[in-house]
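# Descriptive structure summary
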Amino acid sequence: MRKFNIRKVLDGLTAGSSSASQQQQQHPSGSREPEIQETLQSEHFQLCKTVRHGFPYQPSALAFDPVQKILAVGTQTGALRLFGRPGVECYCQHDSGAAVIQLQFLINEGALVSALADDTLHLWNLRQKRPAILHSLKFCRERVTFCHLPFQSKWLYVGTERGNIHIVNVESFALSGYVIMWNKAIELSSKSHPGPVVHISDNPMDEGKLLIGFESGTVVLWDLKSKKADYRYTYDEAIHSVAWHHEGKQFICSHSDGTLTIWNVRSPTKPVQTITPHGKQLKDGKKPEPCKPILKVEFKTTRSGEPFIILSGGLSYDTVGRRPCLTVMHGKSTAVLEMDYSIVDFLTLCETPYPNDFQEPYAVVVLLEKDLVLIDLAQSGYPIFENPYPLSIHESPVTCCEYFADCPVDLIPALYSVGARQKRQGYSKKEWPINGGNWGLGAQSYPEIIITGHADGSVKFWDASAITLQVLYKLKTSKVFEKSRNKEDRPNTDIVDEDPYAIQIISWCPESRMLCVAGVSAHVLIYRFSKQEVITEVIPMLEVRLLYEINDIESPEGEQPPPLPTPVGGANPQPIPQSHPSTSSSSSDGLRDNVPCLKVKNSPKQSPGYQTELVIQLVWVGGEPPQQITSLAVNSSYGLVVFGNCNGIAMVDYLQKAVLLNLGTIELYGSNDPYRREPRSPRKSRQPSGAGLCDISEGTVVPEDRCKSPTSGNLI
């Protein structure tokens, strides 16, 4: 990044203005200046989307290839995201924009089938650099509800809302003509329509046997060769999902009343076992109280112990306000894992892709409404894996973003070194198991950094040099302030309805590594980068009062004009700022005055990384809260920070911890510079001028009090 010399810039502006005045003299008003020939045309530019970062918006479907270790996520807007090893990501989009209701990998073949809400099926080719759709199939008369593609099979089974099942040849992507009609499947087992197809799966030991689950509670084991049903299983509660035991002799169903039923294939009359994971067991052998629906269940076996039963939903109705949970049942133990957001779908990752072998589950991928969680099943307590994808960019809403290119080469390693020291506890010790795909060679030859400010007051530094986005360092600005505990403290943040620490503006100098952030509570934080821990007695703070109203600036006749805002600490030429604001003052009518919105707390130890150099806060004036800061700039060469809002602008020397300039908006619109010193004899007595902004507009000399250093008076 090029360094600019402020003196040369000012000289250039002066020279430019003088040359412009000369040109005006040379060219009278009647003559026309020569036109500049523009060589760049619109066709020389092209906007293209190179990469997409962040969590998929409104996720709706999930799939995993256990051989190539690739994860696919579909969304309600028709988007498709592919994730492999850290740094391997891909984004695709269905042209129709319809929601993705289900995804099925052609395992270890580099292909994917997507089913959309507009009743279309698409076959994606993932073996090329940019994934593309090879074939599409549209269902016109029936609505698609469920799809199943057995391992190493060329037949795709498609269930519909009418209860029928169609079979599609994956190679030609055409209907085979074989249709399982709903009335043939249920025959006399039910007098009414069984409802849509909610599940299809083949017997792990015999792919010629197809298990069909209808929404009403009926399950049918269909023989594909004889084209008839072998067994029919009926339960009086609606079915949401079905899962096989790997031996093919039992299967488990999840129901709308929060129960699980385990069935023997050859015993269709009643389930072998009925489980209510979260139901209260009543006395006298009565049926447990109903619970919320179990939306999905998976049945995974191990060689050395009890099988895993993993389910989502099924909580008791009396658990009001409880967060969404994933339940892991292993033997006699039941673990309830609370999630931060609603569960969209989950998948169990197993050692083998073969459904007829012991599954040996090792992790669970949980797709949440706004997050992706991976749970380690091999460690006690089921810790989660640390997510290496840049999905946490929206962990807290992004309120501002800055991009810096061609940064110093030592900047990214420095940020990474301090970021690696930030403790991350509670994560699994194993490596991220989704590690498919290969790295691509990035075209960028210069370091790039993206800085994001968030609603919770955090600031994140991202390495954007490659195609992927890697977090380097995270800074929490809220640690500088005390959290309000009492309701009496809350009026200090009346200027915002959101988080009082939310970041609005970021100004950063990559060469000096000085960082300035402005928050919604009219505060500015100045940080200095250090690789060593620093111990400070107090955090320096300045209070600034920006004025706008004429009544706030002018003085009544006969009174001395009020001095300009000063840092807290009195009238010393260079006061030592305090860690807390001065005593809260109120005007005679009880209005809040000269009080900042936030209180700075003592932080004796500052960790390596960005450490607080100075805190600047605008204060209340006449019972009115300060306006939010709308502009911010830092110049590390001169140690200056400039910020402003609709009331005015202020300049601060963060090295001396002093306010250098404080101008109201009306003063900025004046015809003369209010801080200009007119040449005059020191012997001549100074004539006082009338107080008010009329002096500025009429070109009169500004009083000397208005030319004094802002550090020479007290805070008004």
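Scroll up to find the structure.
Residues numbered from 1 in each chain as written. Predicted model: local features only at pLDDT ≥ 70, side-chain atom pairs only at ≥ 80, totals over all residues. Heavy atoms only, no water.

Looking only at helices and strands, the protein chain features six helices and 44 strands. Summing over all exposed atoms, the protein chain offers an accessible surface of approximately 37,600 Å²; the carbon and sulfur share of this is 49%. (Helix = DSSP H or I, 4+ residues; strand = E, 2+ residues; numbered from the N terminus. Areas by Shrake-Rupley, 256 points an atom, 1.4 Å probe, with all protein chains shown as cover.)

Inspection of the entire model under this criterion finds 15 salt bridges. A salt bridge links Arg323 to Asp340; the nearest nitrogen and oxygen atoms lie 2.8 Å apart. Here Asp340 lies in the loop between strand E24 (333–338) and strand E25 (343–350) and Arg323 lies in the loop between strand E22 (308–313) and strand E23 (325–330), a separation of 17 residues in the sequence. Classification of Arg323 as partly exposed rests on a relative accessible area of 39%. Among the ionic pairs, Arg513 bridges to Asp410, the shortest N-O distance being 3.1 Å. Of this pair, Arg513 sits in the loop between strand E32 (503–509) and strand E33 (514–519) while Asp410 sits in the loop between strand E28 (398–405) and helix H3 (411–421), and the two are 103 residues apart along the sequence. Residue classification places Arg513 among the buried residues on the basis of a relative accessible area of 16%. Residue classification places Asp410 among the partly exposed residues on the basis of a relative accessible area of 43%. (Salt bridge = Lys/Arg side-chain N within 4 Å of Asp/Glu carboxyl O. Buried < 20%, exposed > 50% of the residue type's maximum accessible area, 1.4 Å probe, protein only.)

Strand order in the open sheet formed by four strands is E21-E22-E23-E24, with antiparallel pairing between adjacent strands. Both edges of this open sheet fall to strand E21 (294–300) and E24, since each of them pairs with a single strand only. Taking the axes of each pair of neighbouring strands and ignoring which way they run, one obtains an average angle of 15° across the sheet. Where E22 meets E23, five bridges bridge the pair, whose relative direction is antiparallel. Note on E23: the bridge partner recorded for Ser312 is Leu326. (Pairing = 2+ DSSP bridges. Axes fitted to C-alpha atoms, helices over the stretch in contact; angles between N-to-C directions.)

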